[in-house]
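Survey of secondary and tertiary structure
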Amino acid sequence: MSSRTRSSILVAGSANLDFVVRAPHVPAPGETVLGGEFRTFPGGKGANQAAACARAGGAATRMLLALGEDAFAEPIEDSLRSAGVELDIRRQREQPTGTAFICVSDRGENAITVAPGANSALRPQDLPSLDGVGHLLLQLETPLASVAAYARAARAAGVRVVLNAAPAQALPAELLADVDVLIVNEGELAALAGAEAAIEANLARIGVPWVIVTLGERGCLARIGTEMLEQPAFPVEVVDTTGAGDTFCGALVAALARGAEVPCALREACAASALACTRLGAQASIPRREEVEAFLGQAGIDEDR
Ligand code: RIB
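Here is a short report on the structure shown in this document. (Residues numbered from 1 in each chain as written. Predicted model: local features only at pLDDT ≥ 70, side-chain atom pairs only at ≥ 80, totals over all residues. Heavy atoms only, no water.)

Overview of the site of the ligand
Stated precisely, the cut-off is as follows: Any residue with at least one heavy atom within 4 Å of a molecule or strand is counted as near it. In protein, a polar contact requires one atom able to donate a hydrogen and another able to accept it; more generally it is a pair of N or O atoms within 3.5 Å, and residues adjacent in sequence count only if both atoms are side-chain atoms. To measure how exposed things are, a 1.4 Å probe is used in the Shrake-Rupley method; for residues, cover is taken only from the protein chains shown. For this classification, Asp, Glu, Lys and Arg are treated as charged, while Ala, Val, Leu, Ile, Met, Phe, Trp, Tyr, Cys and Pro are nonpolar and the rest, including Gly, are polar.
Near the ligand you find 13 residues, and of these Asp18, Gly44, Lys45, Glu141 and Asp246 are the closest. Separating an oxygen atom of the ligand from a side-chain N or O atom of Glu141 is a distance of 2.7 Å. In the complex, the protein chains occlude 96% of the 280 Å² of accessible area that the ligand would expose alone. Grouping the constituent residues of the shell around the ligand by class yields four nonpolar, five polar and four charged.

Here's what the structure looks like:
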């Protein structure tokens, strides 16, 4: 199959309903903090990244996910469908829909605890057909054996495998060998590299062709083969950083699926993730491509792809 007909994106991963409360600061162990208003938002790293791919446009986006038979599933399905994601749901009778409990501080920082529920039931044999798929986007909130099986099948089918190695955990070398593009934050990079060395040194330690590290308000750094690329962050008034990393991953993969050059894809991903930080909630905060283009235009950057 030619690369022209392999244009779609498949995201396989988690979906959660996020229970969010704002507080002056994230509580320390043993501390109780009086917070403010409580709200729920559709979330989950996989679902957030699928929504970010679809909102960035340019490639059809499908998601493999597992949900419970409960009221928490409905807002997640609605959010993904309205973003334009086609859903491949493995419905679980025995497990509730995944949930995440999030405290967002007045500075926009967060602390998250996930109860995986149905996400932990996604099995290796659940992977749908890869016909027409150009990019498979994975994270680590579903069982590692399934993530590894999906990456192996995609590699065998000539599909580009993108792994966001979050939340941080030790990864088998066989999984990393099937990954084409690895996206991590600084902590995840240090954990995978097994060293508290300089970022560039850690990027060189990982045997994946492309490794991209997101650096929050410092932007991102990418090792593309042996070439290093840097993209500074776009300064914004931060409201909530939840889902900013997921927005980066989805926007990046959408741009690559569209055929954008890597510097352009990194720029769009940083811009989309900056915009996501200006709003509350995970999927609720993810911008559409038009907003990203307008934002880049205000920064004096004219995207031509
Ligand atoms: O990356 C942010 C996400 O992490 C939240 O939406 C939450 O559900 C957890 O999966």
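Brief notes about the packing of aromatic side chains
So the rule is basically this: Pairing of aromatic rings covers Phe, Tyr and Trp, the last through its six-membered ring, and needs centres within 6.5 Å; plane angles under 30 degrees mean stacked, over 60 mean edge-to-face, and all others mean tilted. Numbering of helices and strands starts at the N terminus; helices are DSSP runs of H or I of at least 4 residues and strands are runs of E of at least 2. Between buried and exposed lies partly exposed: a residue is buried under 20% and exposed over 50% of the maximum accessible area for its type, with that area taken using a 1.4 Å probe on protein chains only.
Here the structure, examined in full by the defined rule, presents four aromatic pairs. Relative to Phe38, the ring of Phe19 lies with its centre 5.8 Å away and its plane at 20°, an arrangement referred to as stacked. Remark: Phe38 occurs in strand E3 (residues 38-43) and Phe19 occurs in strand E2 (residues 16-23); sequence separation between them is 19 residues. Given a relative accessible area of 48%, Phe38 falls into the partly exposed group. Residues Phe19 and Phe72 carry aromatic rings whose centres are separated by 5.4 Å and whose planes lie at 70° to one another, so their mutual orientation is edge-to-face. Taken as a pair, Phe19 in strand E2 and Phe72 in the loop between strand E4 (61-68) and helix H2 (73-83) lie far apart in primary sequence, 53 residues in all. Take Phe72: its relative accessible area is 34%, and that puts it in the partly exposed class. What links up through ring pairs into an aromatic cluster is the set Phe19, Phe38, Phe72 and Phe101.

Comments concerning the sheet that holds E3
This is how the line gets drawn: DSSP bridges decide pairing: two strands pair if at least two such bridges lie between them. To obtain each axis, a line is fitted to C-alpha atoms, and for helices this fit is confined to the stretch in contact; angles are then taken between N-to-C directions over 0 to 180 degrees.
Read from one edge of the open sheet, four strands run E3-E2-E6-E7, paired in mixed fashion. Of all strands in the sheet, those with a lone pairing partner are E3 and strand E7 (110-115), marking the two edges. Shown here is a sheet whose adjacent strand axes are inclined to one another by a mean of 25°, direction ignored. Examined bridge by bridge, E2 and strand E6 (residues 98-105) share eight bridges and lie parallel to one another. Each residue of the ladder has a partner; that of Phe19, found in E6, is Phe101.

Side note on the pattern of salt bridges
The criterion, for reference: A side-chain nitrogen of Lys or Arg and a carboxyl oxygen of Asp or Glu constitute a salt bridge if their distance falls within 4 Å.
One pass over the structure, following the stated rule, counts 14 salt bridges. Of the charged contacts in the structure, one is a salt bridge between Asp88 and Arg90, with a shortest N-O distance of 2.7 Å. Overall, Asp88 belongs to the buried group, its relative accessible area being 17%. Here Glu291 and Arg279 are joined by a salt bridge, their closest N and O atoms 2.4 Å apart. Linking Glu291 in helix H9 (residues 289-298) with Arg279 in the loop between helix H8 (262-276) and H9, this pair joins segments that are 12 residues apart in sequence. Taking the relative accessible area as the measure of exposure, Arg279 reaches 25% and is therefore partly exposed. Several salt bridges share partner residues, and in doing so they unite Arg62, Asp88, Arg90, Arg123 and Asp126 into one network.

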